[in-house]
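Architecture and fold: a report
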Amino acid sequence: MLVALAFVPSAPLLLPALGGGPDDLRSACQQAISVLDDVERLVVVGAAPRTGRCAGTVDATGWGAPGAPAADPLPLALAVGAGLLGDRPAELYGVADGTAPGLVEGDRRTGLLVVGDGTAKRTEKAPGHFDPRAAELDERVVKAVAACDLTALRELDAALADELWVGGRQAWAAAAAAAQAEVRPGGAAPGGWTGEVSYAAAPYGVGYLVATWLPADLVGV
Amino acid sequence: MLRFRGKALPETSLVMAIVNRTPDSFFDQGATYGLAAALDRIDQVVEQGAHIVDIGGVKAAPGEEVSAGEEARRVVEVVEQVRDRHPDLVLSVDTYRASVARLVLAAGADIVNDAWQAPEPETFDVAAEYGAGIVCTHAGHLPPRTRPHRVAYADVVADVVATVTGLAERAVAAGVPRESVLIDPGHDFGKNTRHSLAITARTSELVATGWPVLMALSRKDFVGEVLDLLPDERLEGTLAATALCAWQGARVFRVHDVPATLRVLQMVDAVKGLTQPVLNVRGLA
C-alpha cells in the first residue's frame, strides 16, 4: 500500500561526496523526504538500465569524487536517492521503460522516493545547450506533479523527453502507475492524491523539481 | 599537524604574510614602517586570509646597522597590539637575535623566524622556554645581512638538507616542540640564482625529510634574474615558483601578495586532492 511519495532531482551534485548541491535545493530535498519518515517500507525509484530491484553502492568516484571505485556502483538516480537518505535503509528499484512490476505490493505502508529531473536544455549554458521547447516541457511536468495528474505523467512524449535530456520520465511514469493503483475503494488514496511542489527551478539549466504526494483525504485534516 | 603555542593550522598549503617595520626593505620600501601603517597592514592581510603574519624589524640585505634595542623597539609594540587585536592569529617575528626573540615571545609571538641559520644558537633555548616555534633556515653559512659572493656548492640541495635538518634536530633537542619546527631552504640567501632554481626544482627532497617546508620566494632576486624584472614586476614569476613548490609538498609560503598566493595555493591544493572545489556543478547538474 503506497502512502506517500517524494520527488527529488537526480543531479550528481546532490551526492554528499560531490558537495551536496546548493543549500536551497538540498534543504528542499530533505524537507520533501521527511514525508517518508513514517513508512514501513521505503523504496527509491529511479532510471536504470534494467527494471527491477537493484543492489549496489553509492559511489561518486565515477563523477570524480576522491576514493577507490566500488565494484558495484549504483546507477545515478538510485545513487542520488540513496545518498540523500544517508544511513536510512531503503530498497532500490530501477526503472528502464516506465513500467515497474512489483514496485508496490502487499499491505505494508510504502513510501517512494522518486528520483528524476526534467530537461537539461533550459539555458544557453545548460548541459544540453538551449532548446526553446525545454521550459515548456518542464512546466508541463511541474503542473502535472502539482496536480497529481497521473495520466499526464504516464504519457509524457518519450521521444521529445529523450531529445531534451529529461532524466525523470521513467521514474515519474512508474510512480504515477503505482499511485494510480491506490485510487480505488480500499486503496490508500481512494479520493486521489494531493501534490505540493516545493522547488521548481533550473539554476544550472537542468529542470529540477522537488515535490510530495500524499493521499488527498489526509491532507488538511 | 602544525601547531604554534596551542594554535593549530589547517592541513592545506599556508600563507605567511610579510609585514616589515623597516624603512628600507627591498619591496615595500618603508610602506609599513610606522606603527599605525603596520597594524593596518596586519588587519588587511588577516582579512585577506593569511594564516601567519611575519613581522620584521631589520631588512635582510646589508644596510644601516640596526641595534638589538632598536629592532626590539620596532617589533615588540606591534606584537603586543596584534596579540590584542587578533588573539588567535599565528604571529611570527623575523629575527636572528636571541634577545629580540625573548622579548617578542614574552609579548605573545608564536614563531621565531630566524632567516640566518641560527647565528645565536641560544635562540633555540628561548623558543623552547616559551613553547614557541622556530624556522630553521639555510643561509649558505654566511653571517647575517651579507650577500653571497661567488658561493659554490658541490650539491646545493644536499647542503641545504643537511644544514636545515641539523638545525631542526638541534631545536627539538633544545626543547622546541617538534610540531612547531619549520625548515626553509633560504632562496637567495648565500645562493646565486641557479642555486635557488635548483632548490625550487628539487623541493621534493626537502619535503622528503619529513620536516614541514617554508618557502620564502616572494619577489626575490632569483625571480628577477630569471625574468630580468624589477621587484614590482615579479609577481607572476613568484607565483609560478610558488605553484611548483606547493605541488612538491612545501607547506608554508612567506609572501607579500596574500590574495594572489592564496588563489594559487587553493588551485594547487585542489589539483593535489587536498581540498575540494568550492563549486561542483560542471557536468554534475
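Since the model is a prediction, treat every value here as computed from it, not as a measurement.

Some remarks on the overall build of chain B
When its secondary structure is counted, chain B shows 10 helices and 10 strands. The C-alpha radius of gyration computed for chain B amounts to 18 Å, which stays within 12% of the reference 19 Å derived for 285 residues, consistent with globular compactness. Oriented by its inertia axes, the alpha-carbon framework of chain B measures out at about 60 × 45 × 40 Å. For chain B, contacts bridging at least 24 residues in sequence account for 67% of all contacts bridging at least 6.

Thoughts on the interface of chain A and chain B
The interface of chain A with chain B comprises 11 residues on the first partner and six residues on the second. Residue composition of the side of chain A that touches chain B, by class: nine nonpolar, two polar and no charged.

Here we look at the packing of helix H9 (residues 235-248) of chain B against helix H10 (residues 258-272) of chain B
Residue and element names in this part refer to chain B. Two elements in contact, H9 and H10, have axes whose closest approach is 10 Å; the angle formed by their N-to-C orientations is 30°. In this structure, H9 crosses over H10, and the sense of that crossing is right-handed. Taking contact as the criterion, the partners of Leu235, Leu239, Thr242, Ala243, Ala246 and Trp247 in H9 are, on H10, Ala260, Thr261, Val264, Leu265 and Val268. Taken together, the residues of the contact of H9 with H10 break down into nine nonpolar, two polar and no charged.

Some remarks on helix H3 (residues 132-146) of chain A
Residues and elements named next belong to chain A. Taking 1.5 Å per residue, 15 residues should reach 21 Å; H3 reaches 23 Å between its end C-alpha atoms and fits that length. Looking only at H3, the buried set comprises Ala134, Leu137, Asp138, Val141, Ala144 and Val145. With its buried residues spanning 125° around the axis, H3 presents them on a single face. At its buried positions, H3 is contacted by strand S1 (2-8), helix H4 (150-154), helix H5 (158-163), strand S6 (193-201) and strand S7 (208-215). Remark: Cys148 follows H3 within two positions and exhibits a positive phi of approximately 50°.

So, the sheet that holds strand S3 (residues 52-54) of chain A
Residue and element names in this part refer to chain A. Read from one edge to the other, the open sheet built from seven strands follows the order S3-S4-S2-S5-S1-S7-S6, with strand pairing classed as mixed. Each edge of the open sheet is held by one strand with a lone partner, namely S3 and S6. If you compare each strand with its neighbour and ignore which way they point, the axes differ by 25° on average. Looking at chain direction, strand S2 (residues 41-47) and strand S4 (residues 91-95) are connected through five bridges and run parallel. Looking across to S4, one finds that Val44 is bridged to Leu92. Strands in contact with helix H1 (residues 23-33) are S1, strand S5 (110-115), S6 and S7; relative to S7, the strand with the most contacts, it is inclined by about 15°. Where H3 meets the sheet, its contacts fall on S1, S6 and S7, and the angle it forms with S6 comes to roughly 145°.

Remarks on the sheet that holds strand S6 (residues 111-114) of chain B
Residues and elements named next belong to chain B. Strands sit in the order S8-S7-S6-S5-S4-S3-S10-S9 across an open sheet of eight strands; the sheet is parallel. Of all strands in the sheet, those with a lone pairing partner are strand S8 (181-184) and strand S9 (214-215), marking the two edges. Together, strand S4 (52-56) and strand S5 (90-94) form the strand contacts of helix H2 (residues 68-85), whose direction differs from that of S5 by roughly 175°. Most of the contacts of helix H5 (residues 156-174) go to S8, to which it runs at about 160°, and overall it touches strand S7 (133-137) and S8.

What to know about unusual backbone geometry
Notably, His141 of chain B is not glycine yet its phi reads approximately 65°, a positive angle. Locating His141 of chain B in the fold gives a position in the loop between S7 and H5.

Here we look at the nonpolar core
Counting residues in each nonpolar core, the largest one holds 82 residues, and the members touching the most others are Val45, Leu113, Val114 and Ala175 of chain A. Here the element with the most residues in this core is helix H6 (residues 169-180) of chain A; it accounts for eight residues. Each residue touching Val45 of chain A, except ones within four places of it in the same chain, is listed here: Tyr93, Val95, Leu103, Leu112, Leu113, Val114, Val115, Ala171, Ala174 and Ala175 of chain A. Judged by nonpolar contacts, the second largest core, of 74 residues, contains Val104, Ile111, Val156 and Leu265 of chain B.

Regarding H5 of chain B
Residues and elements named next belong to chain B. Here H5 is 19 residues long and its end C-alpha atoms lie 27 Å apart, about the 27 Å a rise of 1.5 Å per residue gives. Every buried residue belonging to H5 is among Val156, Val160, Val161, Thr163, Val164, Leu167, Ala168 and Ala171, and all of these are buried. Buried residues along H5 sit against helix H4 (122-129), S7, S8, helix H6 (193-201) and helix H7 (203-207). Following H5 by one or two positions, Gly175 adopts a phi angle in the positive range, close to 115°.

What counts, and at which threshold
Residues numbered from 1 in each chain as written. Chains lettered and ligands numbered in written order. Predicted model: local features only at pLDDT ≥ 70, side-chain atom pairs only at ≥ 80, totals over all residues. Helix = DSSP H or I, 4+ residues; strand = E, 2+ residues; numbered from the N terminus. Rg over C-alpha atoms; globule rule 2.2 N^0.38 Å. Contact = placed C-beta atoms within 7 Å. Nonpolar A, V, L, I, M, F, W, Y, C, P; charged D, E, K, R; others polar. Axes fitted to C-alpha atoms, helices over the stretch in contact; angles between N-to-C directions. Left-handed = near helix turned anticlockwise from the far one by under 90°. Expected span 1.5 Å × (residues − 1). Buried ≥ 20, exposed ≤ 12 C-beta atoms within 10 Å, placed from the backbone. Arc of directions from axis to C-beta. Pairing = 2+ DSSP bridges. Core = buried A, V, L, I, M, F, W, Y, C linked by C-beta atoms within 7 Å.

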